[in-house]
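Working through the structure, step by step
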Amino acid sequence: MPRHDAAELAHRLGEHAEAVCRHYLSNGRRSGNYWQVGDVRNASGRSMFVRLRASAKGPAGKWTDAATGEHGDLLDIIRESMGLVDFKAVADEARTFLAMPRPEPERRSSRPGATTVPTGSPEASRRLFAMSQPIPGTLVESYLRGRGIPILHGTGSLRFHPRCYYRPEDHGPTETWPAMIAAVTDLSGHQTGAHRTWLDPDGDGKAPLDTPRRAMGDLLGHAVRFGVPTSVMAAGEGIETTLSLRCALPDMAMAAALSAAHLGAILFPPTLHRLYVIRDNDPAGDSARDTLAERARAAGIEAIVLSPELEDFNDDLRHVGLEALRAAIAHQLMRQDRLRYLKRAA
C-alpha cells in the first residue's frame, strides 16, 4: 500500500480512536484522554497508553508501551491484536471497521463534462441516494411490509433504486438488482454514507446474493435516522429491527447504526437526556449494548436497554404481533415515556 494511503487510514482511525480501542483493546479502559491496556496485543494491564485526542504531544491514536518502549499507531494495534502479518490484511480490516470501501480504479465517465468521484466515497453515496426514488408503491415498501413493518411514515431516509450495481466479492461481472438505499447522516443531517439492501425482484425478501447488504462512505458515529431527536431517542443495529420498534413507538426518534460495532460508537445529539438502547439477543448485541450504555452514562445521558423476547424486535413483531410487542416493552420504558409515546401510539 502506498505510504500516503497508510497515513490516511491511520488519520481516519485516529478520528475515532476511542472506538478503535474499545473494539480491538477490549481489556483496557479509558483514563482521561488516554486508553490504558497491558500491551498492543490486548493483554490485561495498564502499561500501554493510547492517546484518544490530538494534543501538543501528538495526534490521536499514537501509543506508547511504558514497559517495553514500543510505540506506534492504530494500524499497529489492529495488526498485533488481530495477529495479522500482511499489511493488506491490516488495511482491509481497518477499512471494514471504518466501513470504507476497498480501493477500486476510478472509472471515467463517457458523458462529456461529467465529474467523477471515488467509488464508495461519501460523495458517491450522496449521488446514489439522489438518483433513487421515494419508497411508496415500490419494492422497498413491499419488502418492509413483508417483514411485518406496516408503519412507514417518517422514513424519508429510505429510497428505492430499481437497478443498483452489485459487484461480487469474487470479482465476477457486475450485476444490477433492485435495492433499498438508506441515507447515513451525521447529527446535523449531512449525508456521510449510504447502506444498500439488494432485493429480490419477485418480492421474496432480499436478493439471493452472498452479501445482500453493504455500506459505503463514512459510517462510524453516524446512522440511518428516523425522526428528529430531542431529549429522548432510541438507537439500534439494523434498519428492520429499528423500524419494528418504531411501529410501537412511532413518535420516538430512532437511529439505526447498521452494525454492533457502529452502534457502540454512535454519536449523541447535544439535546439528548435519555437513550433507549435497542438490543439484539446475541453476543455482539450484548457487547454493543454495554459499550453504548457506558458511553452514554459517561456523557451524563440516562441509558435504558430495551430487550426483545426473541432474537430481535423484528422477530417479535412478525411472530407475536404489534399489540404484544407494545405490551412487552411497556414495562421497559420510563413512566413518562409510556405516557408520551406508547399511549399516544395505541
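Okay, so let's go over this structure.

Each value, and the rule that gives it
Residues numbered from 1 in each chain as written. Predicted model: local features only at pLDDT ≥ 70, side-chain atom pairs only at ≥ 80, totals over all residues. Heavy atoms only, no water. Axes fitted to C-alpha atoms, helices over the stretch in contact; angles between N-to-C directions. Helix = DSSP H or I, 4+ residues; strand = E, 2+ residues; numbered from the N terminus. Parallel < 35°, antiparallel > 145°, perpendicular 65-115°, else oblique. Contact = heavy atoms within 4.5 Å. Nonpolar A, V, L, I, M, F, W, Y, C, P; charged D, E, K, R; others polar. 1 Å grid on protein atoms, 1.4 Å probe; cavity = no way out; pocket = protein on both sides within 12 Å on 5 of 7 lines; lining within 4 Å. Points joined across faces, edges and corners; volume = space filled by probe spheres on them. Salt bridge = Lys/Arg side-chain N within 4 Å of Asp/Glu carboxyl O. Buried < 20%, exposed > 50% of the residue type's maximum accessible area, 1.4 Å probe, protein only. Phe/Tyr/Trp six-rings, centres within 6.5 Å; stacked < 30°, edge-to-face > 60°. Core = buried A, V, L, I, M, F, W, Y, C linked by side-chain atoms within 4.5 Å. Pairing = 2+ DSSP bridges.

Next up on the list: the packing of helix α7 (residues 239-248) against helix α11 (residues 322-330). Packing of α7 against α11 leaves a shortest axis separation of 9 Å and a crossing angle of 85°. Considering the angle they form, α7 stands roughly perpendicular to α11. Contacts from S244, L245, C247 and A248 of α7 reach α11 at L322, L325, R326 and I329. Within the contact of α7 with α11, the residues separate by chemical class into 6 nonpolar, 1 polar and 1 charged.

We now examine the layout of surface pockets. Here the second largest pocket is characterised by a volume of approximately 780 Å³. As for the second largest pocket, its lining consists of 33 residues, and the residues nearest its centre are E18, A19, R22, G264 and R295. Mapped by element, the contributors of at least two residues to the lining of the second largest pocket are α2 (17-24), β1 (29-31), α8 (260-264) and α9 (283-298). Ranked by the residues each element gives to the lining of the second largest pocket, the list is headed by α9, at 8 residues. Residues of the lining of the second largest pocket, tallied by class, amount to 16 nonpolar, 8 polar and 9 charged.

With that out of the way, let us pick up empty space enclosed by the protein. According to the stated counting rule, one finds 1 cavity of 30 Å³ or more in the structure shown. Its boundaries defined by the atoms lining it, the largest cavity holds a volume of some 30 Å³. Lining the largest cavity, in full, are L139, S142, Y143, L199, D200, G203 and G205. Split into classes, the residues belonging to the lining of the largest cavity amount to 3 nonpolar, 3 polar and 1 charged.

Turning our attention to the pattern of salt bridges. If you walk through the whole model with that rule in mind, you get 22 salt bridges. R213 serves as the salt-bridge partner of E240, at 3.1 Å between the closest nitrogen and oxygen. On the criterion of sequence distance, the pair formed by E240 in helix α7 and R213 in strand β10 (residues 213-217) is long-range, its members being 27 residues apart. Its relative accessible area of 3% is what places E240 among the buried residues.

So, on to the packing of aromatic side chains. Inspection of every chain in the model, using the stated rule, returns 3 aromatic pairs. Relative to F49, the ring of Y34 lies with its centre 6.2 Å away and its plane at 85°, an arrangement referred to as edge-to-face. Pair noted here: Y34 is in strand β2 (residues 34-37) and F49 is in strand β3 (residues 48-51), with a separation of 15 residues, a long-range link. According to the relative accessible area criterion, Y34 is partly exposed, its value standing at 25%. Plain terms: the ring middles of Y166 and W198 are 4.9 Å apart, the flat faces sit at 80° to each other, and that makes the pair edge-to-face. Within this pair, whereas Y166 is found in strand β7 (residues 158-166), its partner W198 is found in strand β9 (residues 191-198), the two being separated by 32 residues in sequence.

Counting residues in hydrophobic clusters, the biggest one holds 40 residues, and the most contacted among them are L144, L158, I239 and L249. Counting residues per element, this core draws most heavily on α7, at 5 residues. Filtering out sequence-adjacent residues up to four positions away, L144 remains in contact with I135, I149, L152, L158, M180, E240 and L243. Counting 29 residues, the second-largest nonpolar core is a separate cluster that includes A10, A60, F97 and A265.

Moving on: the sheet that holds strand β14 (residues 274-278). The 5 strands are arranged β11-β13-β12-β14-β15 in an open sheet whose pairing can be described as mixed. Where the open sheet ends on each side, the last strands, each with one partner, are β11 (224-226) and β15 (302-306). The mean inter-strand angle of the sheet, taken between neighbouring strand axes irrespective of direction, is 20°. Of the strand pairs in this sheet, strand β12 (residues 232-236) and β14 are connected by 4 bridges, and their pairing is parallel. Following the sheet pairing, A235 is matched in β14 by V277. With respect to the sheet, α7 is in contact with β11, β12, β13 (254-256), β14 and β15, its orientation differing from that of β13 by roughly 165°.

Geometrically, a packed helix pair is captured by the angle between its two axes and the distance between the axes. Taken N-terminus to C-terminus, the directions of helix α3 (residues 74-82) and helix α4 (residues 87-98) make an angle of 105°; their axes are 9 Å apart at the nearest point. Overall, the two elements α3 and α4 adopt an arrangement that is roughly perpendicular. Taking contact as the criterion, the partners of L75, I78, R79 and M82 in α3 are, on α4, F87, V90, E93 and A94. For the contact of α3 with α4, a count of residues per class yields 6 nonpolar, no polar and 2 charged.

Attention shifts here to the sheet that holds strand β5 (residues 71-72). With antiparallel pairing, the 5 strands of this open sheet are ordered in space as β1-β2-β3-β4-β5. At either margin of the open sheet sits one strand with a lone partner, and together these are β1 and β5. Pairing geometry for β1 and β2, over 3 bridges, is antiparallel. Residue pairing for β2: R29 is matched across the bridge by Q36. Sheet strands in contact with α2 are β1, β2 and β3, and its direction is about 15° off that of β2. With respect to the sheet, α3 is in contact with β3, β4 (63-65) and β5, its orientation differing from that of β3 by roughly 135°.

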